Every structure is written in C-alpha cells, then in structure tokens.
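Each chain is listed here by its residues.
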Amino acid sequence: MIVTEKSPKRTAQNSATKYQNLVLLDSEGNRVQAVIFGKDIDLRNDTLYIYQSYYIANALVRTMDPRHQRGPYQFQWTINSKTIVEEIEEDEPALRPPEYNLVPLNELGVHIDTDAEIDILALAIHMNPPNEVNTNHGKSLIQEIYLIDPGLKLLRLTMWNRFVHDECHEISDLILAKPIILGTRIKVSSYNGLSLSSRPTSVFIVEPLLSSSVALRTWAAQNDKLLEEIIGNSFGSASSSSTDPIIKVSEIAEKLISAPAMARSTYLVRGKFRMVDFHQSFHYVSCENCNKATGYDLGENFICYSCKNAAIARARCRVYLDVYDDTTSTPVVIFGSLAEEILGCTAVDLIDRTDEIKSIHLNTFKNFDTLSFYMFFHCYRNICLILKTLQTILKIMSGS
C-alpha cells in the first residue's frame, strides 16, 4: 500500500480522543480510509510517510461511519499496536503516487460556486493572521493564505477551523521560503471575487514529493525576484509573513547571549551543511517510544525510565554537523528521520556497513557543500537542533 493522504493528529469534536486519518492505495488502484487513535499515533511517528509504500497486515476492518467518510469508502481500517507495518524491500518497485487533476489558478473560473472539488498546486507567498468570524453555525476561525503559480494569478485560500490549528501552523513556519502547497477537494467561491476555500474533506500537503512540484520549484527559483516584487506590491513588504525573518548564522550567537538559561528560540536560517567529523558515531540506542537514550543493548526489551512504557531498544540516527553562511558557522545536531534523510541512509545501514563502505557513502555527503538550505533551528543557549529543512526548495548555488 502507498500512503496518499495523512492528516495531522487531531482532537475529536465531542471528546478528548486524538485521531489521525489516512488514505491508502494498493497496486490495483483500490483505496481505503484508515485511522489511528491515541497513543498509537505516536508509536507510528517514524513510519507511514506520505507517498511511501508499505506492507500492512492485521488492521481492524469495520464498516465506514458515514459521518467520518472522506470519500466513497465502504470500510475503514483501524491501525493499532497490533497492526504490522513494514517498508517494502529495497529491490521491490515502490508504488506510484496518485495522479492529481491539477487545475491552474487562472482556469478556476468555470468552477466558481459549483460542487466541483478541485485539486491545486501552488506556492504560498503570504498569510494573514487567524481571524474569528460569525457564521450561520456560530463563530468560526479562519486564516487566509495567498497562492500563486506560473500563470501569475494571485488567489486567496481561506482555511477554516481545524486547518487553522494544524496545516496553517506548518505553512506559517515556512512562509518565508514560499512553500509548495498541494490542496485536494478545494471549493471555488465567488466571495469577494474569485477565491478558494477549504472543505471539511479537503487535504493539504506541504512540499509534496511529486514531479510537478519539482517543475514548480524550478520556476519559482528562476522567478524569485519577480515573486518578491509581487509580494511587495500586493502586501507592502518583500517578505511578508507572520514569522521572524531569515537571519544570518552570526546573529544566532548574538541572540542567544541575551536569552534566559534553557530558553528555547526558533530561527529560520539559509545556509549550507558541512561535516567536520567523519568518524563520529551516527546513532545512539534509544527507547522506540520516546526516543530517549538508554543503556540497553539493541533489540533488548526493557521498561523505559523516561516514558515508563515497555519498549525495545532501537538505533536512532544522530549526526553532528556545521551549518554556515557568508558570516560564520555554528555546530548543530540533527536527529531521527531528518538526519537519515540528510545522510541518505538509515542508522541501521550505518551500523551494518563496514568502515570502508561507510567512508565511501559519507564522502558523497560533501556534495551538500553545493546546496543551500532553509533550516529551522531550536536553540538552547549552547546547542542548536535542526527541526526541518526544505530540501526541494533550494537551488543549487553556483558561488552564491
């Protein structure tokens, strides 16, 4: 199965129950809706990624409650702690992501005020702050995002209620980098002119790993100056957002000097990675539930001192790097799936490989010296942790 949709962790309307919705697609094009509840969501944090393929067995199958349907699905799978989820073997072909019927923003007029559910792919370039409005059903929370694509049609997308709390928060963190947004089952409205609106069944994916995203990012990189002019003319400043601006690496140290002890700060930096120590250990042994380090051996069963749960000791990737720009450099540490994405292999791969093979593989990391990344830092006085990067966003730098 390939994961085609995955919502953030949400809270049920009439209870404190946490849930996460997914849609899975098999090799014959059949789709099924799935859900994960409560603690099982955190147990699946490091798996079931969008557009990744898995073997899934032992899910609980029930008739679909019409109130929770996200499409024409008769049954729903419940994925719990007993469900087996395994990545496909490396030598097996991965399933292809679904085909989307993407409509350019300048061709949406024919769908205005109809029941059509539209798929779009566009850059988010500006966001207004969240706003509470009165509706026929009471008060609702909205947030407006402004989108653009190669047709240079600037459109407003209004996100409603739960999308403001989850997806909008993620987009806001990235807005300075003009993230690509895939939206499915979108409503086209005539409110205040042509505009877009989320539906309860809409799905939004930030920086989707699609070939059409690569083409859009290439266009954005080639027209960055034009996009900045459009932002400036439309919203009054050249990098309009509700987040802090991109800062230099040298500014981080200056800001941290005045920060209270153990205070956490988040910064957006554009820089490059450099590995200094190629002989470091690229993993540590951790609790599979909370990722805290443990002294138990790999594969050993134990009761975690930190989270108090029964667990198996797993290898978790950790890499120490330098991040630098044209001002200075600073050491950073990166954990988990992001570290594996940057290194191009898993922690287990690095454990199993001989020193010779490991050296050959890690030498390819030097290619990152030619790439510039947008990075989100959490800083705690004396250490910086990379939260996320936008790898698809970034241009190969030629001397810049």
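How each quantity is defined
- One numbering rule holds for all chains: residues counted from 1, following each sequence as written.
- Totals for whole chains, interfaces and linings use every residue, but because this is a predicted model, local features are given only for residues with pLDDT of at least 70 and side-chain atom pairs only at 80 or more, for both listing and counting.
- In computing side-chain values, all of the structure's heavy atoms are included and hydrogens and water are not.
- What counts as a salt bridge is simple: a side-chain nitrogen of Lys or Arg found within 4 Å of a carboxyl oxygen of Asp or Glu.
- A run of DSSP states H or I qualifies as a helix once it reaches four residues; a run of E qualifies as a strand once it reaches two. Both are numbered from the N-terminal end.
- Each residue is assigned to one of three classes by its accessible area relative to the maximum for its type, calculated with a 1.4 Å probe on protein chains only: buried under 20%, partly exposed between the two thresholds, exposed over 50%.
- A residue's pLDDT is the predictor's confidence in that residue, given on a scale from 0 to 100.
- A contact between two residues is defined here by any heavy atoms of the two lying within 4.5 Å.
- Under the rule applied, a polar contact is a pair of N or O atoms within 3.5 Å (in protein, one hydrogen donor and one hydrogen acceptor; residues adjacent in sequence only if both atoms are side-chain atoms).
- Any two rings among Phe, Tyr and Trp, with Trp reduced to its six-membered ring, count as a pair given centres within 6.5 Å; such a pair is stacked if its planes are under 30 degrees apart, edge-to-face if over 60, and tilted if neither.

(A) Structural view of the pattern of salt bridges. Scanning the entire structure with this criterion turns up 11 salt bridges. In this structure, the salt-bridge partner of Glu5 is Arg185, at a minimum N-O distance of 3.1 Å. One end of the pair, Glu5, is in strand S1 (residues 2–6); the other, Arg185, is in strand S13 (residues 180–189), and 180 residues separate them in sequence. No difference in accessibility class separates Glu5 from Arg185, as the two residues are buried. Lys178 is paired through a salt bridge with Asp224; the nearest N and O atoms lie 3.2 Å apart. Of this pair, Lys178 sits in the loop between helix H3 (167–174) and S13 while Asp224 sits in helix H5 (residues 224–235), and the two are 46 residues apart along the sequence. Each of Arg10, Asp166 and Glu167 takes part in salt bridges that share partners, so that together they form one network.

(B) Layout of the confidence of the model for the protein. On average, residues of the protein score 81 in pLDDT, and 82% of them are at 70 or above. Across residues 387–400, where pLDDT falls below 50, the model places 46 contacts with residues more than four positions away in sequence or in other chains.

(C) Inspection of the environment of Arg70 at higher detail. Counting through the fold element by element, Arg70 comes out in the loop between strand S6 (60–63) and strand S7 (75–78). In this structure the C-alpha to C-alpha distance between Arg70 and Val32, which are 38 residues apart in sequence, comes to 10.0 Å. In this structure Arg70 touches Glu5, Asn21, Gln33, Arg162, Arg185, Thr201, Ser202 and Val203, once residues within four positions along its chain are discounted.

(D) Broad picture of the side chain of Ser197. Along the chain, the position of Ser197 falls in strand S14 (residues 195–197). Judged by relative accessible area, Ser197 falls into the buried class, the value being 11%. A polar atom in the side chain of Ser197 sits 3.1 Å from the side chain of Trp160.

(E) Looking closely at the packing of aromatic side chains. Applying the stated criterion to the full structure yields four aromatic pairs. Centre to centre, the rings of Phe163 and Phe204 are 5.3 Å apart; their planes meet at 80 degrees, and the pair counts as edge-to-face. Taken together, the positions of Phe163 in helix H2 (residues 162–165) and Phe204 in strand S15 (residues 203–206) put the pair 41 residues apart, joining distant regions of the chain. Geometrically, the ring pair formed by Tyr284 and Phe335 is edge-to-face, given 6.0 Å between the ring centres and 90 degrees between the ring planes. Residue Tyr284 is located in strand S18 (residues 283–287), and its partner Phe335 is located in strand S21 (residues 329–335); the two are separated by 51 residues in the primary sequence. A residue is classified by how much of its surface remains accessible, and Tyr284, at 10% relative accessible area, is buried.

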